[in-house]
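# Close look at the chain arrangement
Here is how the chains run, residue by residue.
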Amino acid sequence: MAKGKGKSRSSSEPDPVGAFPSSSAYVSGVAAQTNAASAWFTLLDSTNARAVAATTSLLFALLLRWTLSLWGHSGQDSPPLFGDFEAQRHWLEITTHVDIRMWYRYDLQYWGLDYPPLTAYHSWLLGWIAHKINPDWVALDTSRGNEADDLKMFMRYTAIMTDLVINMSAILAFAKPAINLEFQNTLIFVALIQPGLILIDHGHFQYNSAMLGFTLWFLVCMARGQYALGSVFFCLALGFKQMALYYSLPIFFYLLGVCGGLARRDSISTGIMELLKIGATVVITFGILFAPFLTRTDDLLQVIHRIFPVGRGLYEDKVANFWCAISVLVKVKTLFPTKTLVRISIAATLLAVLPTSIDLFLSQLKPQKLKPANPSRKLLLTLITGSLAFFLFSFQVHEKSILIPIMPATLLLLESDGVAWEGAWFITTAVFSMYPLLRRDGLSIPAVVLVGLFNVVYGGAVVFGRKARAGMLVRVVVGASYAFFATMVFCEEFVDAVPIPRYPDLYAVVNSFVSFGVFSLLYLRYSYVQLFEAEAILPGAAKKKRQ
């Protein structure tokens, strides 16, 4: 069991999120699988080279990111608006030269700032550095569309450093409490080579690693019982990208359950004090983040308006969610006004999120004799189902938002007694769902290579391996979906990019429809595992079943 430096836990308190299986459970589970990652770390262990394993994984992950940075990026050579690379660069330009009150007002038609204040502060810091190195990179207005090689190298390095400092460090901290060193090293390696985040942040170009990394630090704090500090980190995730709201309901119910559990096990005053401490922490953190915009109401309202652009519509592009999928048959955008669609999407999202979130809340209230042996996995499962529900049903969803649910799914990849094959299928399908976007960016080859690498070193073994937990039906369905993905990619690249001129977006529509189907099945599967198969994700569960 992980022991943190924060508040001590009583023996009756549920295990936190960082609890890992015992060595014996691990040997009967992950180590028993035949996969390249665990085999490599077993070799390092046998040659007394275990100390360099995490360093080797980190260096390899950095090499992958650096190599990918040599490929194309979003909007390359595509005036007048270019793409996300130019948007990120432009925000460096705005925050460096424009008064802070104008950050969310300046020339909104050309990549106006539409992320929360922490993204703006991050852009200001990077813009200040860029201005010191070469003022032409961020010159106000005149630097638009700048794609000089030295500028691109600078931007790529900022993405790598942001990933390293916030996200990769959190992965190392999350894995550190593992009792079994091979388990720890395999988890680190698999999490660091997860292809979705690498392709979007270091190929397409964004800084999603900051939001996901802050959320990971929240999980690390939960493992240590540092609930207030963890709340700070989740506020930072929300303050960096509003899409972290996908995690908000599970986290709210978890912390509320923690406080309720303290009230039941210790005293009501203890639970209330913890709740007040968390609440005060959240208010203070958001107060600091939004402080420059709190002096005038119209400034604050402008920030909120930019962060939540309802006017953009129900979804963008061909995203693999419910609303886009049913639009093939029913044009919901034309049937209902925007305000009605907002209400419908909120209701559908809540209906999909609440069952597992309430189950998570109740699990934290149970006394020791009734508590689940491992609610840490229940929290991760709820983060998956909650964020996936947001992706499937919420308003204004981007295809890149699938990175949010696959983060906790990646952390459960080594749960060979529970949800390993689900995570491997999820990650592979997530990258396929983003393939139209990646193809436009000239990243088809890196996408295929990184997904192939992930499945060769780990993902394939947990689905198709001799000792994988997946049944024959699962193997057939997953194998058929992989064959379909490969066929789609091959046809689009080598046969005909537009097979039917009347339907120029045919591939993208089929992609979104099929990916939506897989995501829906995985939502149901993860929900079922959490609600009805709690023992399936307990350490050593598979071993008990064989007895």
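The notes below deal with the structure included here. Everything numeric in this text was worked out from a predicted model, so none of it was measured.

Parameters and conventions
- Sequence positions are assigned chain by chain, starting from 1 and proceeding in written order.
- In keeping with the predicted nature of the model, local features appear solely for residues at pLDDT of at least 70, side-chain atom pairs appear and are counted solely at 80 or more, and the whole-chain, interface and lining totals rest on all residues.
- Heavy atoms from the whole structure form the basis of all side-chain values; hydrogens and water molecules are not counted.
- Put simply, DSSP marks the helices as runs of H or I at least four residues long and the strands as runs of E at least two long, and each gets a number from the N terminus on.
- Each residue gets one of three labels from its accessible area relative to the maximum for its type: buried under 20%, exposed over 50%, partly exposed in between, using a 1.4 Å probe on protein chains only.
- The contact criterion used throughout is that any non-hydrogen atoms of two residues lie within 4.5 Å.
- Working definition of accessibility: Shrake-Rupley area with a 1.4 Å probe, residue cover restricted to the visible protein chains.
- In this text, buried Ala, Val, Leu, Ile, Met, Phe, Trp, Tyr and Cys residues form a nonpolar core when linked through side-chain atoms within 4.5 Å.
- Fitting a line to C-alpha atoms yields each axis, with helices limited to the stretch in contact; the angle taken between N-to-C directions then spans 0 to 180 degrees.
- If an angle is under 35 degrees, it is roughly parallel; if it is over 145, roughly antiparallel; if it lies from 65 to 115, roughly perpendicular; otherwise it is oblique.
- In this scheme the handedness of a crossing depends on how the near helix is turned from the far one: anticlockwise by less than a right angle means left-handed, clockwise means right-handed.
- Residue classes follow a fixed rule: Ala, Val, Leu, Ile, Met, Phe, Trp, Tyr, Cys and Pro count as nonpolar, while Asp, Glu, Lys and Arg count as charged, and any other residue, Gly among them, counts as polar.
- Given a helix with a known number of residues, its expected span is that number minus one, times 1.5 Å.
- In what follows, salt bridge is the name for a side-chain nitrogen of Lys or Arg lying within 4 Å of a carboxyl oxygen of Asp or Glu.
- Residues form patches when they are more than 30% accessible in relative terms and have no salt bridge. Like charges link within 9 Å. Nonpolar side chains (Val, Leu, Ile, Met, Phe, Trp, Tyr) link within 5 Å.

Counting its secondary structure elements, the chain contains 24 helices and 0 strands. Counting every position in the chain, which comprises 547 residues, the buried fraction comes to 59%. Residue pairs in contact within the chain that sit at least 24 positions apart in sequence constitute 78% of those at least 6 positions apart. For the chain, the exposed area adds up to about 22200 Å²; of that, 67% sits on carbon and sulfur atoms.

At the junction of proline 79 and proline 80, the peptide bond is cis and its omega measures out at 5° in the coordinates. Here proline 80 is to be found in the loop between α3 (53-68) and α4 (84-97). One non-glycine residue, aspartate 107, lies in the positive phi region at around 40°. For aspartate 107, a relative accessible area of 33% corresponds to the partly exposed category.

If you trace the backbone, phenylalanine 174 turns up in helix α6 (residues 149-175). For the pair phenylalanine 174 and leucine 187, spaced 13 residues apart in the sequence, the C-alpha separation amounts to 9.4 Å.

In this structure, Leu219, Phe391, Phe426 and Phe519 are the most contacted members of the largest nonpolar core, which totals 155 residues. Beyond its immediate chain neighbours, meaning those up to four positions away, phenylalanine 426 contacts Ile384, Leu388, Ile402, Pro405, Ile406, Ala409, Phe519, Leu522 and Tyr526.

What follows covers the packing of helix α5 (residues 117-133) against α6. At a minimum axis separation of 12 Å, α5 and α6 run at an interaxial angle of 140°. Compared by their axis directions, α5 and α6 come out oblique. Crossing hand, α5 versus α6: right-handed. In contact with His122, Leu126, Ile129, Ala130 and Ile133 of α5, α6 contributes Phe154, Thr158 and Thr162.

The contact between α5 and helix α12 (residues 268-290) brings their axes to 9 Å, and the two run at 50°. Here α12 runs oblique to α5, going by the angle between their axes. Here α5 runs over α12; the crossing is left-handed. Packed against α5, whose contacting residues are Pro117, Leu118 and Tyr121, the element α12 presents Ile288, Leu289 and Phe290 at the interface. Here the residues of the contact of α5 with α12 sort into 6 nonpolar, no polar and no charged.

A few words on helix α11 (residues 248-265). With 18 residues, α11 should reach 26 Å at 1.5 Å per residue; the first-to-last C-alpha distance of 25 Å fits that figure. Across the 18 residues that make up α11, a large majority, 13, are buried.

A few words on the pattern of salt bridges. Per the stated rule, a full pass over the model turns up 16 salt bridges. Of the charged contacts in the structure, one is a salt bridge between glutamate 274 and lysine 277, with a shortest N-O distance of 3.7 Å. On the criterion of helical spacing, the pair formed by glutamate 274 and lysine 277 is a turn pair, its members being 3 residues apart in helix α12. Taking relative accessible area as the criterion, glutamate 274 reaches 5% and is therefore assigned buried.

Bringing helix α10 (residues 227-240) into the picture now. Two residues of an α-helix separated by three or four positions point the same way, owing to the 3.6 residues in each turn. Compared with the 20 Å implied by 1.5 Å per residue over 14 residues, the 20 Å span of α10 between its first and last C-alpha is a close match. In terms of burial, α10 is largely enclosed, as 12 of its 14 residues are buried. Inspection of α10 places Tyr227, Ala228, Gly230, Ser231, Phe233, Phe234, Cys235, Leu236, Ala237, Leu238, Gly239 and Phe240 among the buried residues, and these make up the whole buried set. On its buried face, α10 is in contact with α5, α9 (208-223), α11 and α12.

As a further point, take the environment of methionine 434. Mapped onto the fold, methionine 434 is located in the loop between α19 (420-433) and α20 (435-440). Methionine 434 gets classed as buried once you look at its relative accessible area, which sits at 0%. Taking the C-alpha atoms as reference points, methionine 434 and serine 515, 81 residues apart in sequence, are found 9.5 Å from one another.

We now examine the environment of leucine 276. Along the chain, the position of leucine 276 falls in helix α12. Judged by relative accessible area, which is 53%, leucine 276 ranks as exposed. Through-space distance from the C-alpha of leucine 276 to that of alanine 228 is 9.7 Å; in sequence the pair is 48 residues apart.

It is worth spelling out a nonpolar patch on the surface at this point. Side chains of Leu63, Trp66, Leu70, Trp71, Met153, Tyr157, Ile445 and Val449 sit close together on the surface and give an oily, nonpolar patch of about 820 Å² of accessible area. At the level of secondary structure, the elements contributing two or more residues to the nonpolar patch comprise α3, α6 and α21 (444-464). The topology assignment puts valine 449 in helix α21. Owing to a relative accessible area of 52%, valine 449 belongs among the exposed residues under this scheme.

Without other data, these values stay purely geometric and don't point to any function.
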